[in-house]
Amino acid sequence: MKNLTLHIIVNPQAGSGNAKKTLGIAQQFLDTHHIKYKIYVTDYPGHENKITQKLMHSVLVPWVEGTPLSALLLVIGGDGTLHEVTNTLHEQIDIPIAYLPAGSGNDFARGLSLTRKTELDLKRLLAVKEPTKIQLIATTFENQGTPQLVLNNIGIGLDAHIVSTANQSKTKEWLNKIHLGSLAYLFSVFSVLSKQKAFPVSFETPEGNKYFENAYLCSITNHPYFGGGIAIDPTASIQKNEMNVVLLEKVNLFLIFYLVGRLLSKKHLSSKYIHHFTTQELTVTSQSSEYCQTDGEIVGKSAQKIKCRMTSRLFWV
């Protein structure tokens, strides 16, 4: 990798400043090992998109087997930053993306089995000889029309309500500073449990249709994790060409606390109140106004009709 230049997009706000620390460790490592790099710091929300577009039109090229890369895009930030960069390159799936997690949740890194230790992940990154196809969920929201690639999961109901509450929580910012940001999601669970109402939701899949009258949480996931390391579906794998759907029915508060305990011990899927299936393609429809999130970012609160299918793109992992 002597002729390689890393083009590093870093979101300094990720993880309440954890990305700055990660960048510092990375710079020291790269300088020590004489790896060339250029740094592009995002100054405002959406800036990563403009930086990525500029790099796409100037130095980034699609991977060609047998041809060494001269430029590699490296993202330092959280799942939200990586989501934005990946979607900016949604039509350039053969341009590899490398990633150093530095957010509060880092669920995509968990799904990829990255160590989340900067030097170890950099050593692994620099030892890679060719990129890997990683499974993602391609989605289209009927009320938006703009397709997007989902790295982690899509959540409707309680899941998204938790994300909305956690993202607005001052506690999350404080927990990020002491590197316990994932606890903000756990605290938010107890904040919104009684506020979230049951809602009807239907699924159309090639394997058949399903309808649930009293849905409480609906998660369509690409790998096990959401909310900063909580295994919503321990059976899911980012290596499989399938999405996993987990749906929890509305139950009384006592059973909710019981199921939360089962969730934390990864034993919840055996409950009769939880429905679980896999598919490569589905359309999910919720006619009532519910919170919806993708990769930890709120899409909105409205009725939803979402088309999902499996796809893949190249990552340098």
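Quick caveat: nothing in here was measured; it's all calculated off a predicted structure. (Residues numbered from 1 in each chain as written. Predicted model: local features only at pLDDT ≥ 70, side-chain atom pairs only at ≥ 80, totals over all residues. Heavy atoms only, no water.)

## A word on the side chain of Asp107
You can see Asp107 is positioned in helix H4 (residues 107–111). The buried category is assigned to Asp107, whose relative accessible area is 6%. Contacts of Asp107, omitting those with residues within four sequence positions, involve Asp79, Asn152, His223, Tyr225, Phe226, Gly227, Gly228 and Gly229. (Helix = DSSP H or I, 4+ residues; strand = E, 2+ residues; numbered from the N terminus. Buried < 20%, exposed > 50% of the residue type's maximum accessible area, 1.4 Å probe, protein only. Contact = heavy atoms within 4.5 Å.)

## A look at unusual backbone geometry
One non-glycine residue with positive phi stands out, namely Arg116, at about 65 degrees. The residue Arg116 is located in the loop between H4 and helix H5 (118–127) in this model. At Lys266, a position not held by glycine, the phi torsion is positive, near 65 degrees. Note on placement: Lys266 falls in the loop between helix H9 (253–264) and strand S13 (274–279).

## Re the environment of Val128
Structurally, Val128 can be placed in the loop between H5 and strand S5 (132–141). Measuring from C-alpha to C-alpha, the distance between Val128 and Trp316 comes to 7.0 Å, with 188 residues separating the pair along the chain.

## Structural notes on the pairing of strand S12 (residues 243–249)
Summarising burial for S12: six of the seven residues are buried, a large majority. Judged from the six bridges that link them, strand S9 (residues 208–221) and S12 form a sheet pairing that is antiparallel. When the sheet's bridge partners are listed, Ser219 is paired in S12 with Val246. Direction of pairing for S12 relative to S13: antiparallel, over a ladder of six bridges. Within the sheet, the bridge partner assigned to Val245 lies in S13 and is Phe277. (Pairing = 2+ DSSP bridges.)

## A few points about the packing of helix H1 (residues 18–32) against H5
If you want to describe how two helices pack, look at the angle between their axes and the distance between the axes. At a closest axis distance of 10 Å, the pairing of H1 and H5 adopts a crossing angle of 50 degrees. With respect to their mutual orientation, H1 and H5 come out oblique. For the crossing formed where H1 meets H5, the hand is right-handed. Contacts between H1 and H5 pair Thr22, Ile25, Ala26, Phe29 and Leu30 from the former with Thr118, Glu119, Leu122, Lys123 and Leu126 from the latter. (Axes fitted to C-alpha atoms, helices over the stretch in contact; angles between N-to-C directions. Parallel < 35°, antiparallel > 145°, perpendicular 65-115°, else oblique. Left-handed = near helix turned anticlockwise from the far one by under 90°.)

## Notes on H9
Relative to the 16 Å expected for 12 residues at 1.5 Å per residue, H9 spans 17 Å between its end C-alpha atoms, a close match to the ideal helical length. Its side-chain oxygen at 3.1 Å from the backbone nitrogen of Phe254, Asn252 defines the N-terminal cap of H9. Just downstream of H9, Lys266 is the residue with a positive phi angle, here 65 degrees. (Expected span 1.5 Å × (residues − 1). Polar contact = N/O pair within 3.5 Å; in protein donor to acceptor, adjacent residues only side chain to side chain.)

## Overview of the packing of aromatic side chains
Summed over the entire model, instances satisfying the criterion amount to five aromatic pairs. Note on Trp63 and Trp316: the rings are 5.8 Å apart at their centroids and 65 degrees apart in plane angle, and the pair reads as edge-to-face. Of this pair, Trp63 sits in the loop between helix H2 (47–56) and strand S3 (71–77) while Trp316 is found in the segment after strand S15 (297–315), placing the two residues 253 residues apart along the sequence. Like Trp316, Trp63 is buried. Ring centres of Phe108 and Phe315 lie 5.4 Å apart, and the angle between their planes is 50 degrees; on these two criteria the pair is classed as tilted. Residue Phe108 is located in helix H4, and its partner Phe315 is located in strand S15; the two are separated by 207 residues in the primary sequence. (Phe/Tyr/Trp six-rings, centres within 6.5 Å; stacked < 30°, edge-to-face > 60°.)

## Some points on the side chain of Gln135
Within the element layout of this structure, Gln135 appears in strand S5. Once residues lying within four places of it in the same chain are set aside, the contact partners of Gln135 are Asn222, Ile238, Gln239, Lys240, Asn241, Met310, Thr311 and Ser312.

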